Amino acid sequence: MSSLAFIGAGYVGLVTGLGFASLGHDVTISDIDGDRIDRLEAGEVPFYEPGLAELLQRTRSEGRVRFTRSNLDAVGSVDAVFICVNTPDRGDGTADISAVERVLAEVAPRLDGDQILVIKSTVPPGTTQRTIQELAQRGLPVAVVGVPEFLREGRALGDFLAPDRIVIGGDDPEAVTRMATMHEGFDAPVVTTSATSAEMIKYASNAYLATRLTFVNGLANLCEAVGADIVDVTRGIGLDERIGSRFLRPGPGYGGSCFPKDTVALVRVADDAGYDFALLRAVIDADHEQRRALVSKVREGAGGTLEGVRVALWGVTFKANTDDTRNSPAIRLGRLLVAEGADVVAHDPHGSTDEFTMVDDPLDALEDAQVLLVATEWGMYAGIPAPEIAKAMKGDTVVDARNVLDPTAIGAAGLVYRGLGRA
Ligand code: UDX
Ligand code: UDX
């Protein structure tokens, strides 16, 4: 087993660090957010992720993990240092990698030739290669590899323990081999490639998945227009093994800390490289259009205007099984409704926002509501009896942006069901 350091105790660093600790490695996790470190040392996880609290408790009781506020304390004489700090979108399409660069500048000079520096944070293709060259020019002996993460929030532990593949990018064969050895505990194919190709695999995966989803959303709109049913259509196409049946659920567009950022960043990388990635630009535009089309459905349900209209919003997180509201399509929908004068009252079992009035009981959100908009596919919403929805609402339109409610039950309760692509 190895001794490993993880810098950044976020969705990626904490899940990956505790995951490696659960496999028997000795792990140190550092973060500049002292409160976060204090909470972790007290056994508290800083965000909702199924199974993470139990994993923290188990790895701490086994003495496999320790936390520190100091990156230098964390790296000490470990075998490998994983950089897992966040790389947010600057707003102009470029990824803000300043945190990665800051950490590199701090720890790289303290590492020796036996240690490996791993860039796990999502960085634009070419970043790791540039880092390798810069460190070599400074005569620093540490080897650098890129090992991108493919964790989905809400199922991050499962994705860590049972990955579809391990991707290792670097030009130092010995370091790449050692990194592959550290990942031997996983039953997954290992792709070893250049650092730039490893980074491109990450961006390409997210951009392809976002494109797939946006195609399905467009298909749902077309199904609605021609009287086809998207649920049957996606089942029918998904049985083609070249397409596969997963990741074909229509919705309010893609959100989270990755897809919105990584699609825009890849278009920017292409522009900077002199290639116009028109298809991906069209995906980004179509994603925004999906939410405008949904707002039109809500407006129609309210009789043509949203001025002064109460709208109940079920769900504020970017998807179910997480409390993360980063780039949440649900919140973006709520903003568009408010911009037209609507009074939005929201519910979410795990997430929250201060942008709208939040209530604890989904039925309370329906009081005086002309329209109910279901924006996140929390299972609990499907369990609420339609007659109770009808009784609690003032109006009669239910816009189901996740196709989670039963159209027949909603109709039988005297409500008007507007799903996505439902015949
Ligand atoms: C991950 C990936 O690392 C990122 O590349 C991808 O774009 C989004 O998903 P994530 O783990 O979700 O980032 O970020 P976040 O949950 O914000 O956690 C980042 C942690 O790093 C925070 O706890 C922050 O305090 C810490 N951090 C940030 C440092 O410890 N040092 C820094 O210099 C900056
Ligand atoms: C994604 C990638 O899946 C993961 O590999 C990468 O490491 C990080 O980014 P995540 O952002 O957690 O993971 O969410 P994901 O489950 O991929 O969903 C992304 C968005 O697509 C969400 O807004 C979700 O609601 C939406 N989605 C997903 C759909 O609308 N329909 C689907 O069928 C699946």
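This write-up is about the structure you can find in this document.

### So, the sheet that holds strand 9 (residues 310-314)
Judged by pairing direction, the sheet is parallel, and its 6 strands sit side by side in the order 11-10-9-12-13-14 without closing on themselves. Here the strands that pair on one side only, and so sit at the sheet edges, are strand 11 (357-358) and strand 14 (416-418). Direction of pairing for strand 9 relative to strand 12 (residues 371-374): parallel, over a ladder of 4 bridges. Paired with Trp-314 across the bridge in strand 12 is Val-374. Its contacts with the sheet place helix 12 (residues 278-301) against strand 9, strand 12, strand 13 (397-400) and strand 14, and it is angled at close to 170° to strand 13.

### Structural notes on the pairing of strand 7 (residues 166-169)
Burial along strand 7 is two-sided: Ile-166 and Ile-168 and Val-167 and Gly-169, pointing in opposite directions, are all buried. Across 4 bridges, strand 7 lies against strand 8 (residues 190-193) in parallel orientation. Counterpart to Ile-166 in the pairing with strand 8 is Val-190. Following the chain from strand 7 across helix 8 (residues 173-182) to the adjacent parallel strand 8, one finds a crossover that is right-handed.

### Section: empty space enclosed by the protein
Across all of its chains, the model carries 1 cavity of 30 Å³ or more by this definition. Looking at the largest cavity, its volume works out to about 80 Å³. Class assignment for the residues of the lining of the largest cavity results in 6 nonpolar, 4 polar and 4 charged.

### Concerning unusual backbone geometry
Even without being a glycine, Asp-368 presents a positive backbone phi close to 65°. Examined against the element boundaries, Asp-368 turns out to sit in the loop between strand 11 and strand 12. We classify Asp-368 as partly exposed; its relative accessible area is 44%. We note that Asn-403 has phi near 50°; this positive angle belongs to a residue other than glycine. For Asn-403, the location among the structural elements is in the loop between strand 13 and helix 16 (407-412).

What counts, and at which threshold
- Residues numbered from 1 in each chain as written.
- Chains lettered and ligands numbered in written order.
- Predicted model: local features only at pLDDT ≥ 70, side-chain atom pairs only at ≥ 80, totals over all residues.
- Heavy atoms only, no water.
- Pairing = 2+ DSSP bridges.
- Helix = DSSP H or I, 4+ residues; strand = E, 2+ residues; numbered from the N terminus.
- Contact = heavy atoms within 4.5 Å.
- Axes fitted to C-alpha atoms, helices over the stretch in contact; angles between N-to-C directions.
- Buried < 20%, exposed > 50% of the residue type's maximum accessible area, 1.4 Å probe, protein only.
- Right-handed = clockwise from strand over helix to strand, strands pointing away.
- 1 Å grid on protein atoms, 1.4 Å probe; cavity = no way out; pocket = protein on both sides within 12 Å on 5 of 7 lines; lining within 4 Å.
- Points joined across faces, edges and corners; volume = space filled by probe spheres on them.
- Nonpolar A, V, L, I, M, F, W, Y, C, P; charged D, E, K, R; others polar.

Keep in mind that these numbers describe shape and distance, not what the molecule does.
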